[in-house]
Every structure is written in structure tokens, then in C-alpha cells.
Amino acid sequence: MTDGGPVPAAPDDWQRLDPRMLLVHPVRETVRFLPVLLGLLVAGTASGARGWQLLGVLVPVALGLLRYLTTSYRISGGRVELRRGLLERHVLSTPVDRVRTVDLTAPPVHRLLGLVTVRVGTGTASTSEDEQLDLDGLPVERARRLREELLRASPAAGTGTATDGYDGAPDAGARPPVLTFDPAWARFAPLTSTGVVITAGLLGGGAQLLDALGGLRRLDASSWADRAAGVPVLLAGAGALLALAVSTSVLAVGGYLVANWGFTLGHHDRSWHLRRGLLTTRETSLDDARLAGVTLGEPLGLRATGGGRLAAIVTGLGDGQESSSVLVPPAPRPVVEATARAVLGAAGPVDVPLRRHGPAATRRRWTRALGPALLVAAACLALATRSTWWLLPALAAPLVAGALAADRARSLGHALSEGYVVSRSGSLYRRRDVLSVGAVIGWNVRATWFQRRAGLVTLVATTAGGRQSVAVLDVPVADAVALAARATPDLVEPFLYDRPATGRSAQWPTSTPSSRT
Amino acid sequence: MTALLRAPRHRVSPRARLMWQVAALVEGAVAIGVLLLVDLAVDQVDLPWWGVVAAVAAVLAWVAVVPQWRYAVHRWEVTETAVHTQSGWWAQEQRIAPLSRIQTVDRAEGAVARVFGLATVTVTTASAAGALEIDGLDRARAQDLVAELTLKADAVEGDAT
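Because the structure is a prediction, the values reported are computed rather than measured. (Residues numbered from 1 in each chain as written. Chains lettered and ligands numbered in written order. Predicted model: local features only at pLDDT ≥ 70, side-chain atom pairs only at ≥ 80, totals over all residues.)

### Digging into the overall build of chain A
Move 1: Looking only at helices and strands, chain A has 16 helices and 21 strands in total.
Move 2: Of the contacts made within chain A by residues no fewer than 6 positions apart, 62% connect residues no fewer than 24 positions apart. (Helix = DSSP H or I, 4+ residues; strand = E, 2+ residues; numbered from the N terminus. Contact = placed C-beta atoms within 7 Å.)

### What to know about the nonpolar core
Residues and elements named next belong to chain A.
Move 1: By size, the foremost hydrophobic cluster in this structure holds 101 residues, and its most contacted members are Val 294, Leu 435, Leu 459 and Ala 480.
Move 2: Of all the elements, helix α15 (residues 477-487) adds the most residues to this core, at 7 residues.
Move 3: Leu 435 has contacts with Ala 292, Gly 293, Ile 313, Tyr 420, Val 421, Val 440, Ala 461, Thr 463 and Val 470, leaving out every residue within four places of it along the chain.
Move 4: Val 99, Leu 115, Leu 135 and Leu 138 belong to the second-largest nonpolar core, a separate cluster that totals 21 residues. (Core = buried A, V, L, I, M, F, W, Y, C linked by C-beta atoms within 7 Å. Buried ≥ 20, exposed ≤ 12 C-beta atoms within 10 Å, placed from the backbone.)

### Description of the UniProt feature "domain: YdbS-like PH" (unreviewed entry) in chain A
Move 1: The residues that UniProt annotates with the feature "domain: YdbS-like PH" (unreviewed entry) are residues 68-149 and 415-482 of chain A.
Move 2: Counted over residues 415-482 of chain A, helix gives 18% and strand 54%. Its end C-alpha atoms are 11 Å apart. (UniProt positions renumbered as here; feature names shortened; annotations may be inferred.)

### Quick notes on the sheet that holds strand β4 (residues 90-95) of chain A
Each strand in a sheet pairs with its neighbour through backbone hydrogen bonds, running either in the same direction (parallel) or in the opposite one (antiparallel).
Move 1: On the basis of which strands lie adjacent, the open sheet formed by 4 strands has the order β1-β2-β3-β4 (chain A) and antiparallel pairing. Both edges of this open sheet fall to β1 (15-16) and β4 of chain A, since each of them pairs with a single strand only. (Pairing = 2+ DSSP bridges.)

### Some thoughts on the sheet that holds strand β12 (residues 291-299) of chain A
Residues and elements named next belong to chain A.
Move 1: If you walk across this open sheet you meet the 6 strands as β14-β13-β12-β17-β16-β15, and the pairing is antiparallel. In the strand order of this sheet, the two ends are held by β14 (326-332) and β15 (413-417), each with one partner. Across this sheet, the average inter-strand angle for adjacent strands is 15°, counted without regard to direction.
Move 2: Pairing analysis gives 7 bridges linking β12 to strand β17 (residues 429-436), with the strands arranged antiparallel. What sits directly across from Gly 293, in β17, is Leu 435. (Axes fitted to C-alpha atoms, helices over the stretch in contact; angles between N-to-C directions.)

### Remarks on the environment of Val36(A)
Residue and element names in this part refer to chain A.
Move 1: Tracing the chain through its elements places Val 36 in helix α2 (residues 34-47).
Move 2: The exposure class of Val 36 is exposed, given the 12 C-beta atoms found within 10 Å.
Move 3: Between the C-alpha atoms of Val 36 and Arg 452, which are 416 residues apart in sequence, the distance is 66 Å.

### What to know about the environment of Leu296(A)
Residue and element names in this part refer to chain A.
Move 1: With respect to the element layout, Leu 296 can be found in strand β12.
Move 2: C-beta crowding within 10 Å serves as the criterion here: with 24 such atoms nearby, Leu 296 is assigned to the buried category.
Move 3: When the C-alpha atoms of Leu 296 and Gln 208 are compared, they prove to be 37 Å apart, with 88 residues separating the residues in sequence.
Move 4: In contact with Leu 296, not counting residues within four places along its chain, are Gly 308, Leu 310, Val 336, Ala 340, Arg 431 and Arg 432.

### With respect to the UniProt feature "transmembrane region" (unreviewed entry) in chain A
Move 1: Taken from the UniProt record, the annotation "transmembrane region" (unreviewed entry) applies to residues 52-69, 188-210, 230-258 and 366-384 of chain A.
Move 2: The annotated region residues 366-384 of chain A carries 95% helix and 0% strand content, and the separation between its end C-alpha atoms amounts to 26 Å.

### Brief notes about the domain arrangement of chain B
Residue and element names in this part refer to chain B.
Move 1: What the domain assignment lists for chain B is domain 1 (12-71) and domain 2 (75-154).
Move 2: Here the C-alpha centre of domain 2 lies 29 Å away from the C-alpha centre of domain 1.
Move 3: If you list the elements that add at least two residues to the side of domain 1 that touches domain 2, you get α1 (15-41) and α2 (49-73).
Move 4: With 6 residues, the single largest contributor to the side of domain 1 that touches domain 2 is α1.
Move 5: Broken down by class, the residue content of the side of domain 1 that touches domain 2 amounts to 8 nonpolar, 1 polar and 2 charged. (Domains from an automatic or database assignment. Nonpolar A, V, L, I, M, F, W, Y, C, P; charged D, E, K, R; others polar.)

### Let's talk about the packing of helix α12 (residues 358-383) of chain A against helix α13 (residues 391-411) of chain A
All names here are of chain A.
Move 1: For the pair α12 and α13, the least separation of the axes is 8 Å and the interaxial angle reads 170°. Taken together, the axis directions place α12 and α13 in an arrangement best described as roughly antiparallel. Contacts from Ala 361, Thr 362, Arg 365, Trp 366, Ala 369, Leu 370, Ala 373, Leu 374, Val 376, Ala 377, Cys 380 and Leu 381 in α12 reach Pro 393, Ala 394, Ala 397, Pro 398, Ala 401, Gly 402, Leu 404, Ala 405, Arg 408 and Ala 409 in α13. (Parallel < 35°, antiparallel > 145°, perpendicular 65-115°, else oblique.)

In C-alpha cells form, the structure reads like this:
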């Protein structure tokens, strides 16, 4: 990379962005005006008039120059301010101590010139591009210094939600990163939902293309049979499926590598820093005090092949910043677990055996899965009189549902370990949520009539980050209350009573597991 | 440890029952009205007379049972450290939030609620999943509660996330 650019003498003054943006802006404007430019080119050639084509070059250049000249920023009086626009002036301003994240993004053109875009995140609910504090185009070194300045000024690291778990790993200068990317992990890419989405997209696109080319009807099976002379239909079908699987796998692996190439996760200056990207590089910092926990995701495909992924539960981020919370992309399970331990500063929440939810919860999983499946099976059986093929789904539905129920029941569990609430549930997308006790800002205890009969509740720990809550599904009442009371004794203990209720409806929850054995 | 969560201490206003009944009755009447309109306007739909009777019976049963059930469940309490609510009927829910994490306190009076002199107090925290709502409070009681909560939430420092 090149030098850090001119260091501003008086930081209180309005400063322009990097002059190298003069090269970036015209390229961008040209791309944006491409249809108009093409139109101009055609019109110019047709009318024989010269000069029109020149206009097509001059306008983007002039626009880029204007954009550069009218955009400036400053950090003064404890505020970050960004001023832009020629006709409609925008001045965006935010107090430095409200800054929660500073992300550095570098698209290919920026990287070529040694520039990055600095996005200053304040957790605003606004999603409008106009209201994002983007400093588009600073030299890399200056951007990094700016990030350090802004994050140091932010008070989040001092007070707030910090609890013991966060500071488990003391800083010792520049340490090796906790996680470095291994291209071999890309083998997990086809097994994630991204692969499925790509497949669906391909199928949808293909069908539309066929439709545009004259519809599926023209693809007469007999003509295919003629052409494929002798190749059994089943073999041809299998070949088509195989080709589809291979092509989607290649696409998924490609997407994975482009997004995650060079993924590194390290910790210094009281925050986690992660960097990734093959073409467009992204650098994100997560303040220790804003890291409330992690989610260890194990979709079925990853679980079956010994993989997993890790996301951070970050408080105070806006909705549009979900993606910045990825801590480990799909990777081998030991890597994911080791990273989780390092990030949490505790091994317990990752390794501790979970307390199971018992037979009532298992029964509930089975009834909830088998009920709809049996309905489907009955409907299919009714149709089986027309075609025996309907027998297939009629048999498959209960089997699939049974497998799902067994797996979902096996997944259920919770624990309280080293200051973290741990909850696991799900089958197709199994997840182990780990939430710091300090980040729990309330409890919801919910039970339907059926759950009350079975002596179960769904305990929800609410939090300001991630999906806003961590749910402990179908846990026996006594276990749920014990978990909440041990996690936040000051909050819950005033509302406890020891004796089980005797018949008074208001003393909910009245049902105990013993009432149904 | 076999401790359980006790219910919050205070019931909502007894007038809430009547308010819920009126609201349910109005909603049911509108639903049946729409049903009859569709029956009259669309030729393909031919509602048998017992269908209408069943719908009316369902609405009446709902009006008779659900508001009473709700009233038996709905409770609230504010201590020196926390807000505790209980609501629902078929699905019941208890919510606890510490005063230190309160972000806003909101008092609302709907059109029907105003007729009965009732109000709804909603306490929000930094979590989208954690809002506590007390429905059917006496208006004066609601005003006092809002003042009390605002005072107590003010006394705590930090940004409540």
C-alpha cells in the first residue's frame, strides 16, 4: 500500500477526501450513465454530428470533480461531520461518543489506488443511503488511524454492559490472529443454505428461459428420447441432476471464496477485528463491550459433515449491519469451537453438557411434527386410489417427520456456565446460543394451554442485539425459573415463591410436571 | 430448588372486562356483518342458516369466556428494581424487566378504552422482544404509574442496552 497521505495540520478544519477519488468518481459516473452514453453514441453517429460523444466523456468527469469538491468532513468539538452535495447541501453530524462501529470497505478500484471507504456506524434505525456517514475514499493508513481515534473516544468500552466474560483474554500487544482462513473450508460452501438458494435461482432462471424460448411443451419427451437414442431415461435424469449439483457446488464454492478469502479474526485495543474479501475487502471492528455473546450455527448439511459457523450477538447495531456479525464462515467444527472459546474468553459455554428438557418436551416435539405429517399422509392415501404414486409421499411424510422430531428433541438443552446463558434447539438449522448474563435485559416466560398441561414453558431472555432474544424452548417450569433466577438473581428472586400453588387460577403457573405422568 | 414465579401483585381495573367484552362484541358483529354481506352479494356463496347461527354462537361464547379469562390472568407489579407483568389467556406470558433497562414509558388510550376511562401502559426496553404492556388500567392509576416509572428509570445511569 502507499503512504498514509498528507497528515492534516489542524484536524478541526474541513478536509477533503483523498484526491485519488478523482480517478474513482468518473469511472463510477460513467458506469451509471452507460445507457445514456450508448444512446448518445448511437444518436451522434446517426446524425453525423461530432461533439456529442465528447459530451459523453466530459459530463461524468465533471460530475466526479464536483462530487470531490463538494464533499468534506471534519472531526471537531467531539463530533464527526460530513458535508456533501452541490444543489442540495447535506450536513451529517454525530457525536463521537455515539460511534459504535467503524467499517472499512474497499471495492476493487479503491484497492488498486490504496483507498478505502470508512462507514461510521451509530446504530441508527435509518436505512437511507443519504443518512449513512460514509467517508468514501481515504488512504488505508489514515482510515485505520481514524478508526482507532473514533473507537477510542467511544465510551462503550468503559461502562455499560461489560461483564467478566468479555475481558477473559488480556491484551499483550500485537498477538497472532485467533482465526486465519484456510481455502480448504470452501468444501463446506455447497452444504449451506447459500448453495440451496443458488440452486433454486438457477432452476427458476432456467425455467423462465425455457418459457421465453417457447415453453416447456416444446421440449417434447419423445423428441428427447429420439435424440438420446438408447440412453435410459433414468440415467439421463441422474446425469442432469449430477450436472446441476456440480454446477451449483462450483458456484457456491466460488461465492464462498469471494466473500471470505483472507478471513482473519484478531483481538487488540479492546475490540475484535475481522477482515475478509477477495475482490472487495471489508474490515469490521466489534467493541468488546458490545459483544453480548455468540451463536454457533449448525445447519443439517454442515452438522452431517462436521462443520459449523459462528456469529456474534452484538448489541446496538442497526438492522442493516447483520452481516458484520459473522465471526467464522462455514468451517470445520473444531475451528468454530476454538474461536468461540477465544471470543467468549471461556470454554464452558461451548463445551458444557446441556441440561435436557425431559420426556414432556420430547413428547411435544413428536406430536407437533407427526400431527401435520399424518394429515398429509391421510390426504395422500385418499389420492392413492387414483395413482399408486401417491403411496410414496404417504409413507415418506411420517418417516421424515419422525426423524425430524427425534432430532429436534435431541437438540433441546440449556445451561448456565461461566456467566453465560446457553440454549440449544432446532434440527434443520440447529443453533447453540450463548448470551452473556450481563446482556440479558429481561425475561419472558410464555406458555400455551398445551404447554401448561405438560408443565413446560418457553423461557426467553431478551437482549438488545442479534435476534433480540434467546429462547429456551419447552423447558420444565422449575428448570426455567431456576435458570432465570441463577442468571439474574437480583432481578428474578423478588418474584419467586417456594410452595407450588394450590388451585388458585391467578397463581400461574399452577400446573406442575407431576400432574401429568 | 423448586421455586416458581409468583404472579404479579395487582389486577387490572375490573372495568377492563366490560371493555374487552364490548371490543369483542364489536369485532364479532363486524365479522358476521361481512359474512352476511358476502352471502348476499356473491351468488356462488350460499350460507346455510345454521352457519349463521353457529357464527353468532361462537362470537357470544367468545364474548362470554375470553374477557373473563383474560381478567383472571392479567396482572402487574412494579417494585423498586423491576416491572413484572402477566397477560394472555390461551397463551399466557409473564415478563420481567429491570427498571435500569427501561427506555420508554408510553400511555395510550384507544377509542373504546376512553369510553371506559381506561388506558394501556407500555414499557419498552432496548430489545424488540421485551416490551411490557399493561392493558386495561384505570386512567388515573396509569398516569401515576407512568410518573413513577419515569422517575425510577431516570434514577439509573447508562444507556440501557
